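Here are the chains, one letter per residue:
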Amino acid sequence: MQIKYVTEFSWDAKVIGEVIIENEEHIAPGFFKMNSKMYPKSWVLRKMFNENDGDLVIKGEKNILKYSDKDEEYWLVNINEYFNMGKKDIASQRPLSRSLLFSLIFKNLFDNSNCEIIIQREKAVQLERINGFIARKWTTTLENSKQKIIFEEWLVQELSLKDTFDSLKLDIMGSLNPYKKQNMTTPHMISSDDFVRSADSTAVLDSLEGIIVQAKIYTEHEFFKTINFEIKELYTTSFDAASFSIPETYERIEKND
């Protein structure tokens with residue numbers, strides 16, 4: 001048995017347009033492969049920033065195999081070096097951290113303590129089908145005299161297959177990671193609750209119920225217009241060793257990351 005998990009994160013910004021990051025992950029006991037694609041919709045930026053890189057991790061190996069589908073190359077990275085790269089959280093691979101997203105988009109909303117913030121949240125009555133998930137939509141609005149931000153989030157009650165995926169991933173990474181004190185937990189998607197608490201820790205709202213499978217953020221920010229996240233695929237298949245390999249035609253190179 002193996003699990004395929006595909007997520008897409010994108011933002012639409014003024015001047016540069018929409019940028020998409022797609023993460024495709026395959027996991028089975030002892031095997032993990034991740035491929036990350038980043039491509040702007042603008043053909044000009046696509047030539048400069050079109051990336052298609054991945055990692056191949058096998059439990060018990062001394063090296064991590066990293067590869068580039070774009071260049072058809074691969075190289076080996078020592079376990080110590082891999083988990084020490086910038087001290088980043090290898091388990092998450094998040095394209096934007098909460099703190100960075102907050103500082104980029106929400107600074108103007110909260111930098112004036114004298115400006116009243118109005119927070120509202122509504123839960124839809126009807127369920128919707130989102131990429132095969134039966135989800136309920138929640139709409140949360142944060143607004144003051146300067147800025148208005150709208151969160152649309154679709155949640156399912158539970159996502160047991162994602163829990164299994166996370167457990168397998170943490171087992172592999174935890175067994176290889178020499179820095180045992182490093183945080184190996186898999187974080188959840190950024191939610192409106194994170195920013196409600198930052199805006200007003202005393203706000204009383206209905207709690208979001210379940211796991212986010214899709215989210216959209218609309219903002220009147222000077223740079224960002226929209227930010228989106230969605231789980232595009234999550235399903236099991238029979239184990240296929242080919243899912244945890246790269247083409248034999250790829251050239252091995254020596255590379256310092």
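Residues numbered from 1 in each chain as written. Predicted model: local features only at pLDDT ≥ 70, side-chain atom pairs only at ≥ 80, totals over all residues. Heavy atoms only, no water.

Q: Help me out: how do you make sense of the packing of aromatic side chains in this one?
A: Think of a pair of aromatic rings as described by two things: how far the centres are apart, and how the planes are tilted against each other in angle. By the definition in use, this model includes seven aromatic pairs. Consider the rings of Tyr-5 and Phe-165, whose centres lie 5.1 Å apart with planes at 55 degrees: the pair is tilted. Of this pair, Tyr-5 sits in strand E1 (residues 2-13) while Phe-165 sits in helix H5 (residues 160-176), and the two are 160 residues apart along the sequence. Between Phe-31 and Phe-239, the aromatic rings sit 5.6 Å apart at their centres with planes inclined by 50 degrees, giving tilted as the arrangement. With Phe-31 in strand E3 (residues 31-40) and Phe-239 in the loop between strand E11 (224-237) and strand E12 (251-252), this pair connects stretches of sequence that are 208 residues apart. These aromatic residues form a ring-pair network of at least three members: Phe-31, Phe-239 and Phe-244. (Phe/Tyr/Trp six-rings, centres within 6.5 Å; stacked < 30°, edge-to-face > 60°. Helix = DSSP H or I, 4+ residues; strand = E, 2+ residues; numbered from the N terminus.)

Q: Would you mind showing me how to read the pairing of E3 here?
A: On a regular strand, each side chain points to the face opposite its neighbour's, so the side chains alternate between the two faces of the sheet. Both strand E2 (residues 17-28) and E3 contribute to a ladder of ten bridges, which runs antiparallel. Bridge pairing in E3 places Glu-22 opposite Lys-37. Counting the residues that bridge the hairpin from E2 to E3 gives two residues, and of these Gly-30 lies at a positive phi of roughly 90 degrees. (Pairing = 2+ DSSP bridges.)

Q: Explain the confidence of the model for the protein chain here, please?
A: Where the model shows low pLDDT, its predicted coordinates should not be examined in detail. Summing up the model confidence of the protein chain, the mean pLDDT is 82 and the portion of residues at 70 or higher is 79%. Considering only residues more than four positions removed or in separate chains, one finds that residues 86-99, a stretch of pLDDT under 50, has 31 contacts. (pLDDT = per-residue confidence, 0-100. Contact = heavy atoms within 4.5 Å.)

Q: Just checking my understanding: could you explain the pattern of salt bridges for this structure?
A: A side chain with one charge can pair with a side chain of the opposite charge if their charged atoms come near. Counted by the stated rule, this structure contains eleven salt bridges. The residue Asp-55 makes a salt bridge to Lys-66 at a minimum N-O spacing of 2.8 Å. Of the two residues, Asp-55 sits in strand E4 (residues 51-58) while Lys-66 sits in strand E5 (residues 63-68), which places them eleven residues apart along the sequence. In this structure Lys-66 comes out as buried when scored by relative accessible area, which is 15%. The salt bridge partner of Glu-209 is Lys-123, with a shortest N-O separation of 3.8 Å. With Glu-209 in the loop between helix H6 (192-199) and strand E10 (211-219) and Lys-123 in strand E7 (residues 118-130), this residue pair connects regions lying 86 residues apart in the sequence. The exposure class assigned to Glu-209 is partly exposed, which follows from its relative accessible area of 36%. (Salt bridge = Lys/Arg side-chain N within 4 Å of Asp/Glu carboxyl O. Buried < 20%, exposed > 50% of the residue type's maximum accessible area, 1.4 Å probe, protein only.)

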